[in-house]
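So the chains spell out like this:
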Amino acid sequence: MVEKVHCLIIGSGPAGYTAAIYAARANLKPVLYHGLQPGGQLTTTTDVENYPGYPEGVKGPDMMADFHKQALRFGTDIRNGLVTAVDFSKRPFEITIDEGKHKVIADAVIIATGASAKWLDIPSEQKFRLNGGGVSACATCDGFFYRGKEVAVVGGGDTAAEEATYLARICKKVYMIHRRDTLRASKVMQQRVFNTNNIEMLWDSEVDEILGEEFVTGVRIKNVKTNEKKEISLSGVFIAIGHQPNTKIFKDWLDLDEQGYIKTLPGTTITNIPGVFACGDVQDKIYRQAVTAAGTGCMAALDAERFLAEHA
Ligand code: NDP
């Protein structure tokens, strides 16, 4: 027998849990599936100091444990399991969990599957990322820890340009390492980078290795035109080579933008399919903050509540 769910939430970052808290308190009896990374991107960060309500800061995993507890407290049914397929052709929607081990049908679906930062995929990068040793994909989250220090940003798009100019206000010096000799970033962002005195461009360069024992002490870069290698001393490396929204299973049903983010009606979480809502980083390539994700999670629950009241 296929299980019937009133409100299904897919994803367990700040957006998914906030949607769950609001949906549970509105008596929508939400069922939330965790996905592969319970707690989402914040479980891979160390200190979070910019989430309001934590004046002393909080560890990312601890904050997500709090979100989890709060969602449970109001009766969210939180489950392990990965949504592997959806059928949004008719309501109630059909959702396949763990390649068909389980199926549910849902009156409303809130998608909060997030986005994943792209990484260079060199071993030293993953080591320092996972131990909080000096590799990050979020300057707004972690830049503060490098106050007065020298850091590098890898990438040449708008994110990299934005991260570099942000870090330049906090750090002594920012190296921007880009694999080509022109930036992909918009002209206005490029100008901002070029007009910032403490950003040094390292053109035609790839990161060969991130150096250090427990903490980052430098990078070795390779010039892709000359193959010449050189080492630079610094304390942190910010990887800004793009994000990948986790939308693969939705692409046959939902309108996505050219980078794969779910399109929502401006100012709402409404997608092109009535009854399917999207919140958090899966529909936001600009802000990507825990607090903005939580905000849109709240919106998704309110949008779902209104929809379910009208289509009961
Ligand atoms: P982009 O895909 O635009 O840029 C990624 C950058 O990383 C490119 O310069 C690319 O190099 C480089 N890169 C990719 N893979 C590698 C790799 N393996 N090694 C080294 N370098 C690599 O991603 P963004 O996150 O910058 O932007 C995504 C979208 O979001 C864009 O549309 C952007 O305009 C938008 N955005 C808008 C903002 C705003 O309006 N405030 C802020 C941030 C993003 P190459 O150029 O050689 O391909």
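Only a predicted model underlies this, so the values are computations on that prediction, with no experimental measurement involved.

A short note on the site of the ligand
Around the ligand there are 17 residues in total, and Asp158, Thr159, Arg179, Arg180 and Arg184 lie nearest to it. Contacts to the ligand include Glu162, whose side-chain N or O atom sits 2.9 Å from a nitrogen atom. For the ligand, an oxygen atom lies 2.9 Å from a polar atom in the side chain of Arg179. The fraction of the free accessible surface of the ligand (910 Å²) that becomes covered by protein chains is 74%. Residue composition of the shell around the ligand, grouped by class: three nonpolar, seven polar and seven charged. When residues of the shell around the ligand are assigned to domains, at least three map to each of domain 1 (2-116 + 243-310) and domain 2 (119-239).

Thoughts on the packing of aromatic side chains
All chains considered together, the criterion is met by seven aromatic pairs. Arranged with centres 5.5 Å apart and planes meeting at 85 degrees, the rings of Tyr146 and Phe238 form a pair that is edge-to-face. Of this pair, Tyr146 sits in the loop between helix H4 (139-142) and strand E11 (150-154) while Phe238 sits in strand E17 (residues 236-239), and the two are 92 residues apart along the sequence. Residues Tyr146 and Phe238 agree in their burial class; the two are buried. Three or more aromatic residues joined by ring pairs form one cluster here, namely Tyr51, Tyr54 and Phe67. We note Arg25 situated over the ring of Phe74; from NZ or CZ to the ring centre the distance is 5.2 Å.

Examining the nonpolar core
By size, the foremost hydrophobic cluster in this structure holds 32 residues, and its most contacted members are Cys7, Ile9, Tyr17, Tyr51, Met63, Ile110 and Phe277. Those elements that provide at least two residues to this core are strand E1 (3-10), helix H1 (14-25), helix H2 (60-73), strand E8 (102-111) and helix H7 (290-310). Among the elements that take part in this core, H7 stands out by supplying eight residues, more than any other. Beyond its immediate stretch of four places on either side in the chain, Phe277 contacts Ala108, Val109, Ile110, Ile111, Thr269, Ile270, Thr271, Ala300, Asp303, Ala304 and Phe307. Among the nonpolar cores identified, the runner-up in size contains 22 residues, and Tyr33, Val104, Leu254 and Ile262 belong to it.

Describing the domain arrangement of the protein
We note that the domain assignment places domain 1 (2-116 + 243-310) and domain 2 (119-239) within the protein. Taking the mean C-alpha position of each, domain 1 and domain 2 sit 31 Å from one another. Listed per partner, the contact involves seven residues of domain 1 and nine residues of domain 2. Across the domain 1/domain 2 interface, buried area totals approximately 740 Å², and carbon plus sulfur atoms make up 45% of it. Counting across the domain 1 and domain 2 interface gives zero salt bridges. Linking domain 1 to domain 2 there are one residue pair in polar contact (both at pLDDT 80 or more). Classifying every residue of the side of domain 1 that touches domain 2 gives no nonpolar, four polar and three charged.

Here's the deal with the sheet that holds strand E14 (residues 205-212)
Pairing is antiparallel across the open sheet formed by three strands, whose spatial order is E14-E15-E16. Either end of the sheet is taken by a strand with one partner, and the two such strands are E14 and strand E16 (229-233). The sheet shows a mean angle of 25 degrees between the axes of neighbouring strands, taken without regard to direction. Of the strand pairs in this sheet, strand E15 (residues 216-223) and E16 are connected by five bridges, and their pairing is antiparallel.

Reading the values: rules and limits
- Residues numbered from 1 in each chain as written.
- Predicted model: local features only at pLDDT ≥ 70, side-chain atom pairs only at ≥ 80, totals over all residues.
- Heavy atoms only, no water.
- Near = heavy atom within 4 Å.
- Polar contact = N/O pair within 3.5 Å; in protein donor to acceptor, adjacent residues only side chain to side chain.
- Areas by Shrake-Rupley, 256 points an atom, 1.4 Å probe, with all protein chains shown as cover.
- Nonpolar A, V, L, I, M, F, W, Y, C, P; charged D, E, K, R; others polar.
- Domains from an automatic or database assignment.
- Phe/Tyr/Trp six-rings, centres within 6.5 Å; stacked < 30°, edge-to-face > 60°.
- Helix = DSSP H or I, 4+ residues; strand = E, 2+ residues; numbered from the N terminus.
- Buried < 20%, exposed > 50% of the residue type's maximum accessible area, 1.4 Å probe, protein only.
- Lys NZ or Arg CZ within 6 Å of the ring centre and 35° of its normal.
- Core = buried A, V, L, I, M, F, W, Y, C linked by side-chain atoms within 4.5 Å.
- Contact = heavy atoms within 4.5 Å.
- Buried area = accessible area lost by both parts, 1.4 Å probe.
- Salt bridge = Lys/Arg side-chain N within 4 Å of Asp/Glu carboxyl O.
- Pairing = 2+ DSSP bridges.
- Axes fitted to C-alpha atoms, helices over the stretch in contact; angles between N-to-C directions.

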